[in-house]
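# A structural walkthrough
Each chain, written out:
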Amino acid sequence: MNIKPLGDRVVIKVLESEEKTKSGIVIPDTAKEKPQEGKVVAVGSGEVVDGKKIPLEVKVGDRVIYSKYAGTEVKLDGEEYLILRQNDILAIVE
Amino acid sequence: MNIKPLGDRVVIKVLESEEKTKSGIVIPDTAKEKPQEGKVVAVGSGEVVDGKKIPLEVKVGDRVIYSKYAGTEVKLDGEEYLILRQNDILAIVE
Amino acid sequence: MNIKPLGDRVVIKVLESEEKTKSGIVIPDTAKEKPQEGKVVAVGSGEVVDGKKIPLEVKVGDRVIYSKYAGTEVKLDGEEYLILRQNDILAIVE
Amino acid sequence: MNIKPLGDRVVIKVLESEEKTKSGIVIPDTAKEKPQEGKVVAVGSGEVVDGKKIPLEVKVGDRVIYSKYAGTEVKLDGEEYLILRQNDILAIVE
Amino acid sequence: MNIKPLGDRVVIKVLESEEKTKSGIVIPDTAKEKPQEGKVVAVGSGEVVDGKKIPLEVKVGDRVIYSKYAGTEVKLDGEEYLILRQNDILAIVE
Amino acid sequence: MNIKPLGDRVVIKVLESEEKTKSGIVIPDTAKEKPQEGKVVAVGSGEVVDGKKIPLEVKVGDRVIYSKYAGTEVKLDGEEYLILRQNDILAIVE
Amino acid sequence: MNIKPLGDRVVIKVLESEEKTKSGIVIPDTAKEKPQEGKVVAVGSGEVVDGKKIPLEVKVGDRVIYSKYAGTEVKLDGEEYLILRQNDILAIVE
């Protein structure tokens, strides 16, 4: 993908929450919680702190958990992405 | 567990407050106070301050008291966890 | 163009969102989302951080995605431009 | 006590305000002002400022005056304690 | 003019927006947008950042675009001026 | 007095505003303005800025003017005192 | 006058706005704008920034323009003064 986030930002592809509960009931779209997991597709060059560039901890391909409602949704080539700051990423899930 | 919190964040397993009062009366779920104790299950790599990485004071296995309502609740493999910043941890109980 | 933004600011020409949906229906002006893409036409000399001038990451000609509602709209020679801080630019699209 | 506050936090045991006014009238519990004095029972390792650890000014055993409503109340072994930042302690009374 | 702004402040003379639209219709005073252009008539000695004095980027005579509603209006010798911080100046127009 | 304020705090004894106006009329208590003058009775060890301890400018015995409503009122040995930060002291009156 | 402002504060004597308009009409007191000019009568020793004391730019005797509503009014020996931070002074008028 040809998108280069600035500074400490990353671009992630949101992972859909599964549409079935454990008991197998399909829940309608409005009842689902806002998904909180995504896959990193692009990372910025890092944050400048005290004149030093700190590289990001996440890298392309990482599966991450992020803060609800963080970031800005953008549509690129018909697909939805989320651009957020690394600080809004809580953890990497392996 | 395969979760790696970022920066100064830690993942804790919330410890249930005991369901009985001292006199032995079982109190219903809604009357219980929000639990404030947990066990650390994963820690981040530390916080960058003035270009230096400061390692965290808490470590995996510590039993901690944390600020009410702090952090973000996440569900991993069907279990509830809390991801919070070390700054929201008040003390280690031994 | 003869405009020189100060510090970490950039001047961008907003790119109109396309006036047709994929199915070819022309949507009226009020239903369109506020555009979020633009082309950089001028950049400032950089931001002073801890006494050091940090040059900007974006350059003239870059196509960028920016935060909704960021910046100040100005009219120069009858054309609309947006002056915003580099920090309000989310990513460069190539 | 086996509690280790983090960073610049201290644990104090709140000192009850005396239940009698000077004239000897016992005042009911709801009319009493929130107590503002306590005894330090545990101190953190200090605050990190600019990469240097600054040890705390208060020490275990100090009798202190603290800001009203500061800190977080916790119950340990059936006793009430208050965990607060050293910055919420106004003075040491000797 | 005998006015010396302090620090990172500049004094500007507001340039009136032209009273005619392109089609030549005179618009009444209340319909005009608040003007956003001015001419710099005095500059401060600069801002102190980390103990170093950073000289200003604008100089006397520059024609500038500034943020709407920024600064403080003052009347000197019967003329209206605006004292604002350099940070409220968006760009120099040449 | 045995009180040691922490950091950049000082303890002052509030000076009563005189109960008579210049014309000699005694004004009732509720009409008096909140007093803004006090005498310094104890000073903290100073503020830590960038790892350096900056000693306070005020000293015990100084008569000072302070910001209205600043600080915390405390009662020690039946007397009212005010604990405030040096930053809330406007000036020393000699 | 025996007043010594602390830090980056200055004491100024407010200059009354002239009670007549140019055409010679006396305007009643309530219609006058709050005055914004004053004369510096005392200056503090300077502000501590990054451990260095920065001396003030204004000096005793300077005639200054200051932000409306800035500072604290004090009455000393029956005269009204204003104590404000140098940062609230916009410019020196000569």
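An unreviewed UniProt entry lists chain A under the name Co-chaperonin GroES, with Koleobacter methoxysyntrophicus given as the organism. Per UniProt, chain A carries the Subcellular location (unreviewed entry) text "Cytoplasm". If you open the UniProt record of chain A and go to Sequence similarities (unreviewed entry), you find "Belongs to the GroES chaperonin family."

### Observations regarding the packing of aromatic side chains
Inspection of every chain in the model, using the stated rule, returns 0 aromatic pairs over all chains. Over the aromatic face of tyrosine 81 of chain A sits the side chain of lysine 13 of chain A, whose NZ or CZ is 5.4 Å from the ring centroid.

### Some words on the sheet that holds strand β3 (residues 37–43) of chain C
Reading across the sheet, the 7 strands line up as β1(A)-β9(C)-β6(C)-β3(C)-β2(C)-β8(C)-β7(C) and stay open at both edges, with antiparallel pairing between neighbours. Looking at which strands have only one partner, the edges of the open sheet turn out to be β1 (3–5) of chain A together with β7 (72–76) of chain C. Mean inter-strand twist for the sheet, computed between neighbouring axes without regard to direction, equals 40°.

### Focus on the interface of chain D and chain F
Facing the 17 residues of chain D at the interface are 19 residues of chain F. Both faces combined, the contact of chain D with chain F buries some 1500 Å², and carbon together with sulfur accounts for 54% of it. When the buried surface of chain D facing chain F is broken down by residue, Glu57, Leu90 and Glu94 of chain D rank first, second and third, together holding 37% of it. In this assembly, chain D and chain F are joined by 0 salt bridges.

### Comments concerning the relation of the copies chain G and chain E
Superposition of chain G onto chain E requires a rotation of 52° combined with a translation of 0.0 Å along the rotation axis, giving an RMSD of 0.0 Å. An overlap of only 6% is found between the interface residues of chain G and their copies at the interface of chain E, pointing to separate contact surfaces.

### Observations regarding the relation of the copies chain D and chain F
For the pair chain D and chain F, the relating rotation is 51°, the translation along its axis is 0.0 Å, and the fit reaches an RMSD of 0.0 Å. Taken as a fraction of all interface residues of chain D, those also at the interface in chain F reach only 6%, which identifies the copy contact as different-surface.

### Section: the sheet that holds strand β2 (residues 9–14) of chain B
Within a sheet, each strand pairs with its neighbour through backbone hydrogen bonds, oriented either parallel or antiparallel. Ordered by their spatial adjacency, 7 strands build an open sheet running β7(B)-β8(B)-β2(B)-β3(B)-β6(B)-β9(B)-β1(D), and the pairing between neighbours is antiparallel. Lying at the two open borders of the sheet, with one neighbouring strand each, are β7 (72–76) of chain B together with β1 (3–5) of chain D. Going from strand to strand, the sheet's axes swing by 40° on average, the running direction of each strand aside. Direction of pairing for β2 of chain B relative to strand β3 (residues 37–43) of chain B: antiparallel, over a ladder of 5 bridges.

### Overview of the pattern of salt bridges
Residue and element names in this part refer to chain D. Under the criterion given, the structure shown has 31 salt bridges over all chains. As a salt-bridge pair, glutamate 37 and arginine 63 come within 2.7 Å of each other at their nearest N and O atoms. A residue pair is termed long-range when its members are at least 10 positions apart, and glutamate 37 in strand β3 (residues 37–43) and arginine 63 in strand β6 (residues 63–66) qualify at 26 residues. The class of glutamate 37 is partly exposed, set by a relative accessible area of 23%.

### A look at the pairing of strand β8 (residues 79–85) of chain A
Look at any regular strand and the pattern is simple: side chains alternate between the two faces of the sheet. Residue and element names in this part refer to chain A. For strand β2 (residues 9–14) and β8, the ladder comprises 4 bridges, and the chain directions are antiparallel. Of the residues in β8, the one forming a bridge with isoleucine 12 is leucine 82. With 5 bridges joining them, strand β7 (residues 72–76) and β8 adopt antiparallel strand pairing. Within β8, the position partnered with leucine 76 by the bridge is glutamate 79. From the end of β7 to the start of β8, which pair antiparallel, there are 2 residues, and aspartate 77 there has a positive phi angle of about 50°.

### Some words on the environment of isoleucine 3 of chain B
Note on placement: isoleucine 3 of chain B falls in strand β1 (residues 3–5). Distance in space between the C-alpha atoms of isoleucine 3 of chain B and valine 43 of chain B is 9.2 Å, their sequence separation being 40 residues. Filtering out sequence-adjacent residues up to four positions away, isoleucine 3 of chain B remains in contact with Ile65, Ala91 and Ile92 of chain A together with Val11, Ala42, Leu76 and Ile83 of chain B.

### Here we look at a positive patch on the surface
Together, Lys52 of chain A, Lys52 of chain B, Lys52 of chain C, Lys52 of chain D, Lys52 of chain E, Lys52 of chain F together with Lys52 of chain G line one region of the surface with positive charge. Mapped onto the elements of the fold, lysine 52 of chain C is located in strand β5 (residues 52–54).

### So, the interface of chain G and chain E
Tallying the contact residues gives 16 residues for chain G and 19 residues for chain E. Summed over both partners, the interface of chain G with chain E buries about 1500 Å², with 54% contributed by carbon and sulfur atoms. At the junction of chain G and chain E, the tally comes to 0 salt bridges. Taken together, the connections running from chain G to chain E amount to 8 residue pairs in polar contact (both at pLDDT 80 or more). Of all the secondary structure elements, the ones that give two or more residues to the side of chain G that touches chain E are β5 (52–54) and β9 (89–93) of chain G. Of the residues forming the side of chain G that touches chain E, the biggest block, 5 residues, is contributed by β9 of chain G. Pairing geometry for strand β1 (residues 3–5) of chain E and β9 of chain G, over 3 bridges, is antiparallel. In the strand pairing of β9 of chain G, proline 5 of chain E is matched with alanine 91 of chain G.

What counts, and where the lines are drawn
Residues numbered from 1 in each chain as written. Chains lettered and ligands numbered in written order. Predicted model: local features only at pLDDT ≥ 70, side-chain atom pairs only at ≥ 80, totals over all residues. Heavy atoms only, no water. UniProt positions renumbered as here; feature names shortened; annotations may be inferred. Phe/Tyr/Trp six-rings, centres within 6.5 Å; stacked < 30°, edge-to-face > 60°. Lys NZ or Arg CZ within 6 Å of the ring centre and 35° of its normal. Pairing = 2+ DSSP bridges. Helix = DSSP H or I, 4+ residues; strand = E, 2+ residues; numbered from the N terminus. Axes fitted to C-alpha atoms, helices over the stretch in contact; angles between N-to-C directions. Contact = heavy atoms within 4.5 Å. Buried area = accessible area lost by both parts, 1.4 Å probe. Salt bridge = Lys/Arg side-chain N within 4 Å of Asp/Glu carboxyl O. Least-squares fit on C-alpha atoms with pLDDT ≥ 70 in both. Buried < 20%, exposed > 50% of the residue type's maximum accessible area, 1.4 Å probe, protein only. Patch = residues over 30% accessible without salt bridge, like charges linked within 9 Å, V, L, I, M, F, W, Y side chains within 5 Å. Areas by Shrake-Rupley, 256 points an atom, 1.4 Å probe, with all protein chains shown as cover. Lys, Arg positive; Asp, Glu negative; His and termini not counted. Charge placed at Lys NZ, Arg CZ, Asp CG, Glu CD. Polar contact = N/O pair within 3.5 Å; in protein donor to acceptor, adjacent residues only side chain to side chain.

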